[in-house]
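# Coordinate analysis (summary)
Chain by chain, the residues run as shown.
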Amino acid sequence: AEIFAHNTNMEYAKVYVGMLVRVSAEGRLTPVAVLWEDGREYEVDRVLRMRRIPPERVGGILTERYDVVMRGRGKALYREDDTGRWFVETPPQQRS
């Protein structure tokens, strides 16, 4: 099964999140955990790859997209080049 499968009939939103990130001596970023505003923290189990592409569902400028596994599920984390801010794309029922 495709772990990155999604429902394209929903309207997704860009939600900025805090991140714990490991930075190598060469300057390479590796996401470690996502920090939600309400205090929830989700550890990144594995980073599958990083690509420089626009967000899949919310559009916008070129970003660094990190395909990761968190709690056994594939997720995409995005980092904006111009601001350095991290965000996720969330469907309407997950915004609260």
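A brief look at the structure comes next. Owing to the predicted nature of the structure, the values given are computational and were not obtained by experimental measurement.

Let us now look at the sheet that holds strand β5 (residues 63–70). Spatial strand order, β3-β2-β1-β7-β6-β5-β4: seven strands in an open sheet with antiparallel pairing. Every interior strand has two partners, whereas the edge strands, β3 (41–43) and β4 (46–53), have only one. Along the sheet, successive strands turn relative to each other by an average axial angle of 40°, direction set aside. Examined bridge by bridge, strand β1 (residues 13–23) and strand β2 (residues 29–35) share six bridges and lie antiparallel to one another. Its bridge partner lying in β2, R22 is registered against T30.

What follows deals with the pairing of strand β7 (residues 86–90). Put simply, side chains in a regular strand alternate between the two faces of the sheet. With five of its five residues buried, β7 lies for the most part within the structure. In β7, alternate side chains face the same way, and those of W86, V88 and T90 on one face and F87 and E89 on the other are all buried. Bridging between β1 and β7 involves five bridges; their strand directions are antiparallel. In the strand pairing of β7, V17 is matched with W86. Across two bridges, strand β6 (residues 73–80) lies against β7 in antiparallel orientation. What sits directly across from R79, in β7, is W86. Here β6 folds back onto β7, and the loop between the two strands holds five residues, one of which, G84, carries a positive phi near 80°.

Okay, the packing of aromatic side chains next. For the coordinates displayed, the defined rule picks out three aromatic pairs. Seen from their ring centres, Y16 and F87 are 6.0 Å apart, and the 70° between their planes marks the pair as edge-to-face. Taken together, the residues Y16 in strand β1 and F87 in strand β7 connect sequence positions 71 residues apart. Using a relative accessible area of 1% as the deciding quantity, one classes F87 as buried. Between Y66 and W86, the aromatic rings sit 5.2 Å apart at their centres with planes inclined by 40°, giving tilted as the arrangement. One end of the pair, Y66, is in strand β5; the other, W86, is in strand β7, and 20 residues separate them in sequence. Since its relative accessible area comes to 4%, Y66 is described here as buried. Taking the relative accessible area as the measure of exposure, W86 reaches 8% and is therefore buried. Taken together, the aromatic side chains of Y16, Y78 and F87 make up a single cluster linked through ring pairs. The residue whose ring lies beneath R57 is Y12, and the NZ or CZ to ring-centre distance is 4.4 Å.

Cut-offs applied
Residues numbered from 1 in each chain as written. Predicted model: local features only at pLDDT ≥ 70, side-chain atom pairs only at ≥ 80, totals over all residues. Heavy atoms only, no water. Pairing = 2+ DSSP bridges. Helix = DSSP H or I, 4+ residues; strand = E, 2+ residues; numbered from the N terminus. Axes fitted to C-alpha atoms, helices over the stretch in contact; angles between N-to-C directions. Buried < 20%, exposed > 50% of the residue type's maximum accessible area, 1.4 Å probe, protein only. Phe/Tyr/Trp six-rings, centres within 6.5 Å; stacked < 30°, edge-to-face > 60°. Lys NZ or Arg CZ within 6 Å of the ring centre and 35° of its normal.

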